[in-house]
Amino acid sequence: MRTPDADFIIVGSGPAGVSAAFPLIAAGRRVLMLDAGNDAGWEDESRSARVLGSNLESLRADDGSSPKLQTPVARGILERFRRESGITGDGFTPVASLVRGGLSNIWGAQISYLDAEDIAGWPIDIDLLQRSYERVSQRVGISTNADLTAGANSASVLPLGATAAHVLRRHEIAKPADGSFRLFPAVNAILSEARPGRAACDLRGDCLYGCPSGAIYNSRQDLLALQKSPHFRLLDNMRAISLTSNAGWTIGTADGSSFSAPRIILAAGVLGTAALLADLLPIGGEGLRLLNSPTLAIPLLSPARLLRSATATHSLAQLGLSLRYGERASEYVTGAIYEVGSLPAQSFVNRMPFGRKAGRAAFETIAGSLLVATIYYPGDQSRSYIHRQTAGKGMTVRGGFADGFDIRAKDLKKRLRREWKRLGLVPLPGASLAEPGIDAHFAGTLPMGATGPFGTSADGELNLHPGLHVVDGSVLPDLSSKYITMTIMANADRIAHRLAQTEANPAL
């Protein structure tokens, strides 16, 4: 019998993978992490290289995606995944990563927490999840935006942009009578005070370009702490491509290597995990159900702020919002409001009906008064499925929306228009519904508590394959409209604590 390489092998170095590693090594378990990427990064590149790209990628024609997905860093991450993963989209944009740190390299960094009502049908205890939220929050570092002119409490804060602050004050003066609409300062995984190895946000607006100061949380930062443990080992350039059961589990990698352990923890992201498990699951003609969040983007003008310059702030969400549209617990949308003046100008100049020079002049004139709201629906409003490709070993994700979603989306826009008017905002032409997948809020393929071949236990262990645990978004039974990265990390932490407590002593 082959001697195990570790007690646990974790596939993936993103937020879920590192969150699972910490409790295991703290309990003395030997952990081997396989990473499809390596330590090469863009932190040492010049600002012009990070903003423009080595081949001027930022000047490419606009493809209609989010500005954060059009930066050189994001393009490089997404193009590598599309090139090597074998996963394509049909009415769906497959957003995933094969680089060190996963999608935390390009995430929006906004923080949300689920409550007891959100997880009412899950086979887990809200108290345990909340403890994991607390542990993860302390590790990543979180700040709330604040209007510093009004004074700040003792919480960690960053300055709220002037236009966002103006809108928030309007909301506080005339709140909606029924309370269905909420507007509040956004909470982001970004530092307002320096920590060892990470500087505080310098308000330069580099948030979408890899944040060279390290102020925005990236799971690459956690790997530095993990590597100080004698129980942790990280291997670069090891893209897992196969899983074999043999008195434990063996992982095969693209370079022909193999590694074994009694238990495997999959943290490769919903799409990466599905691809790795494709030969172990009975994915038939209907495909594997994938939950994702239908997403609306709405440009907004604040006439009261016209011709005023943008203030120094970060490029992450300035305000958070929520709006209930039905009686069921899940029937609410959430979203974020961004100051356009802090976002890359080129993404907006490319969409203007002017030449580049005139478009930039127009943008600079009105940028301080422009906002963009992104609105997320819950995952039950999506209809997306992962299918095996008829030829070869690849997979295709076919995207779509729930029946009647167009009617609900139209009604939501009407309700939001009333709120925008109350806030002194004018919706501009150009509101759009994103193609499924661009939100990168994925869940539900291998739900915890579900019976049958695609279900997993409360510990993320596959019903069909004991010893295989999943800790990424795949195991979330449903998908609320809230941002899910913090929940994925907390659930991975919860599962790993459970495994560290219940598993046998480390292998000799």
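It should be noted that the structure appears before, not after, this text.
What you see is a predicted model; the values in this text were computed from it and never measured. (Residues numbered from 1 in each chain as written. Predicted model: local features only at pLDDT ≥ 70, side-chain atom pairs only at ≥ 80, totals over all residues. Heavy atoms only, no water.)

How do you make sense of the overall build of the protein when you look at a structure like this?
Within the protein, the secondary structure is distributed over eleven helices and 23 strands. Taken over 508 residues, the protein has a buried fraction of 56%. A separation of at least 24 residues holds for 73% of the contacts in the protein among residues at least 6 apart in sequence. (Helix = DSSP H or I, 4+ residues; strand = E, 2+ residues; numbered from the N terminus. Buried < 20%, exposed > 50% of the residue type's maximum accessible area, 1.4 Å probe, protein only. Contact = heavy atoms within 4.5 Å.)

Which parts of the structure should I look at to understand the sheet that holds strand S7 (residues 187-188)?
Two strands in a sheet stick together by hydrogen bonds in their backbones, pointing the same way (parallel) or opposite ways (antiparallel). Strand order in the open sheet made by the three strands is S5-S4-S7, with mixed pairing throughout. The two strands at the open ends of the sheet, each matched to only one other strand, are strand S5 (157-159) and S7. Examined bridge by bridge, strand S4 (residues 143-146) and S7 share two bridges and lie antiparallel to one another. Note on S7: the bridge partner recorded for Thr144 is Val187. (Pairing = 2+ DSSP bridges.)

Could you clarify how one ought to interpret the sheet that holds strand S8 (residues 232-235) in this entry?
Taking strand neighbours across the sheet as the criterion, the five strands line up as S8-S2-S1-S12-S23 in an open arrangement whose pairing is parallel. Two strands in the sheet have a free side with no partner beyond their single neighbour: S8 and strand S23 (468-470). On average, adjacent strands in this sheet sit at an angle of 20° to one another, irrespective of strand direction. Judged from the four bridges that link them, strand S2 (residues 31-34) and S8 form a sheet pairing that is parallel. Its bridge partner lying in S8, Val31 is registered against Phe232. (Axes fitted to C-alpha atoms, helices over the stretch in contact; angles between N-to-C directions.)

Would you mind going over the environment of Ala240 with me for this structure?
Looking at the element boundaries, Ala240 is found in strand S9 (residues 240-245). Between the alpha carbons of Ala240 and Asp255 there is a distance of 9.2 Å; along the sequence they are 15 residues apart. For Ala240, the contacting residues outside a window of four places in its chain are Val11, Ile251, Gly252, Thr253 and Leu276.

Help me understand helix H5 (residues 162-173), please; the structure alone is not making it clear to me.
Given 3.6 residues to a turn, an α-helix orients residues that are three or four positions apart in the same direction. Compared with the 16 Å implied by 1.5 Å per residue over twelve residues, the 17 Å span of H5 between its first and last C-alpha is a close match. Restricting attention to buried positions, one finds in H5 the residues Thr163, Ala164, Ala165, Val167, Leu168 and His171. Its buried side turned inward, H5 meets strand S6 (181-185), strand S15 (319-324), strand S16 (332-339), strand S17 (370-376) and helix H10 (405-422). (Expected span 1.5 Å × (residues − 1).)

Help me out: how do you make sense of the packing of aromatic side chains in this one?
In this description, an aromatic ring pair is defined by two values, namely the gap between the centres and the angle between the planes. Per the counting criterion, the structure on display carries seven aromatic pairs. Centre to centre, the rings of Phe92 and Phe442 are 5.6 Å apart; their planes meet at 35°, and the pair counts as tilted. Of the two residues, Phe92 is situated in the loop between strand S3 (87-90) and helix H4 (126-140) and Phe442 in strand S22 (residues 442-443); the sequence distance between them amounts to 350 residues. Here Phe92 and Phe442 have matching classes, each one buried. Aromatic ring contacts, followed pair by pair, group Tyr325, Tyr377, Phe401 and Phe405 into a single cluster. (Phe/Tyr/Trp six-rings, centres within 6.5 Å; stacked < 30°, edge-to-face > 60°.)

Is there a simple way to think about the pattern of salt bridges in this case?
Side-chain pairing between opposite charges can occur once the charged atoms of the two side chains come close. Going through the model one piece at a time under the given rule, you end up with 18 salt bridges. Where Arg328 meets Glu331, a salt bridge forms, and the shortest distance between an N and an O atom there is 3.1 Å. Across the pair Asp459 and Arg498 runs a salt bridge, and its minimum N-O distance is 3.5 Å. Residue Asp459 is located in the loop between S22 and S23, and its partner Arg498 is located in helix H11 (residues 485-502); the two are separated by 39 residues in the primary sequence. Residue Asp459 is classed as buried on the basis of its relative accessible area of 17%. Its relative accessible area of 41% is what places Arg498 among the partly exposed residues. What emerges from the salt-bridge pattern is a single network uniting Asp35, Asp39, Arg100 and Asp236. (Salt bridge = Lys/Arg side-chain N within 4 Å of Asp/Glu carboxyl O.)

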